[in-house]
Amino acid sequence: MPMWFKIYVAGFLNFLWNDVVTHIPIRIFRKGFLRVFNSKISRSCVILMHTRILNFWSVEVGARAVINQYVLLDCRRYPIVIDHDADIGPYTRIWTLGHSPDSATHETVGGPVTISHHAWIASGVVILPGVTIGEGAVVGASSVVTRSIPAGEIWTGNPAKFTRKRNNQLTYSLNYRPHFE
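The present account deals with the structure reproduced in this document.

Rules used in this analysis
- Residues numbered from 1 in each chain as written.
- Predicted model: local features only at pLDDT ≥ 70, side-chain atom pairs only at ≥ 80, totals over all residues.
- Heavy atoms only, no water.
- Pairing = 2+ DSSP bridges.
- Helix = DSSP H or I, 4+ residues; strand = E, 2+ residues; numbered from the N terminus.
- Phe/Tyr/Trp six-rings, centres within 6.5 Å; stacked < 30°, edge-to-face > 60°.
- Buried < 20%, exposed > 50% of the residue type's maximum accessible area, 1.4 Å probe, protein only.
- Core = buried A, V, L, I, M, F, W, Y, C linked by side-chain atoms within 4.5 Å.
- Contact = heavy atoms within 4.5 Å.
- Arc of directions from axis to C-beta.

1. Notes on the sheet that holds strand 3 (residues 59-61)
Whenever strands of a sheet pair, they do so through backbone hydrogen bonds, lying parallel or antiparallel.
Item 1. The sheet built from four strands is open, its strands ordered 3-6-11-14 with parallel pairing. The two strands at the open ends of the sheet, each matched to only one other strand, are strand 3 and strand 14 (132-133).

2. As for the packing of aromatic side chains
Item 1. One pass over the structure, following the stated rule, counts eight aromatic pairs.
Item 2. Taking 6.2 Å as the distance between ring centres and 20 degrees as the angle between the ring planes, the aromatic pair formed by tryptophan 17 and phenylalanine 33 counts as stacked. Of this pair, tryptophan 17 sits in helix 1 (residues 3-19) while phenylalanine 33 sits in helix 2 (residues 27-37), and the two are 16 residues apart along the sequence. Of the two residues, tryptophan 17 and phenylalanine 33, both sit in the buried class.
Item 3. Within the aromatic cluster, the residues linked to one another by ring pairs are Trp17, Phe33, Phe37, Phe56 and Trp57.

3. Notes on the nonpolar core
Item 1. Counting residues in hydrophobic clusters, the biggest one holds 36 residues, and the most contacted among them are Leu73, Ile82, Ile115, Ile127, Ile133 and Val145.
Item 2. Broken down by secondary-structure element, the contributors of at least two residues to this core are helix 1, helix 2, strand 3, strand 6 (80-82) and strand 11 (113-115).
Item 3. Contact partners of valine 145, with chain neighbours within four places excluded, come to Val125, Val126, Ile127, Leu128, Val131, Ile133, Val139 and Ala160.

4. Brief notes about the sheet that holds strand 2 (residues 52-54)
Item 1. One open sheet accounts for five strands, arranged 2-5-8-13-16; its pairing is parallel. Strands at the two margins of the open sheet, each flanked by one partner only, are strand 2 and strand 16 (144-145).
Item 2. In this structure, strand 5 (residues 72-74) lies alongside strand 8 (residues 93-94), joined through two bridges in parallel fashion. Considered in strand 8, the bridge of leucine 72 is made with arginine 93.

5. Observations regarding helix 2
In an α-helix, one turn spans 3.6 residues; hence positions three or four apart end up facing the same way.
Item 1. Those residues of helix 2 not exposed but buried are Arg27, Arg30, Lys31, Phe33 and Leu34. Down the axis of helix 2, the buried side of the element spans an arc of 150 degrees, and every buried residue falls inside it. In helix 2, the exposed residues that point more than 90 degrees away from the buried face are Ile28 and Val36.
Item 2. Of the surrounding secondary structure, the elements contacted by the buried residues of helix 2 are helix 1, strand 1 (46-47) and strand 2.

This is how it looks when you write it as structure tokens:
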């Protein structure tokens, strides 16, 4: 197959996901569409309506992870890994690619993003390229994460800064299964 054809098909599939499938209020159908093209998306994860995924075959979603409504996952050049039992709040934007403000040619820069297991990303968070959110870490609502967050820490603000340690054993398994969201 010629490369131009593969690029065209990939663009069309991304259009189908982002502008058609994500608006269908049956989560099993939405996840089924993604899993046809990407086996790294767990059968037990939940991806709610209106989630935009740019280049969806570069995302990995673990067991029982929850990705809420209106989340944007930018996997255009680098992957995003969301581990098991991670909770991504609504309106969160996870970027893997941006531009260097010091480049005369508007050079793109970026890196992969990893959200470790039991991490909780609250609503409206922005996570920038190359960041790792550690196991059990919490990011407060509307925070902007510019650097990696160690395991078990709570970070808040713009830019996000250390607030305190999380003090529990994190033995839970998420079990959120909405029918029409």
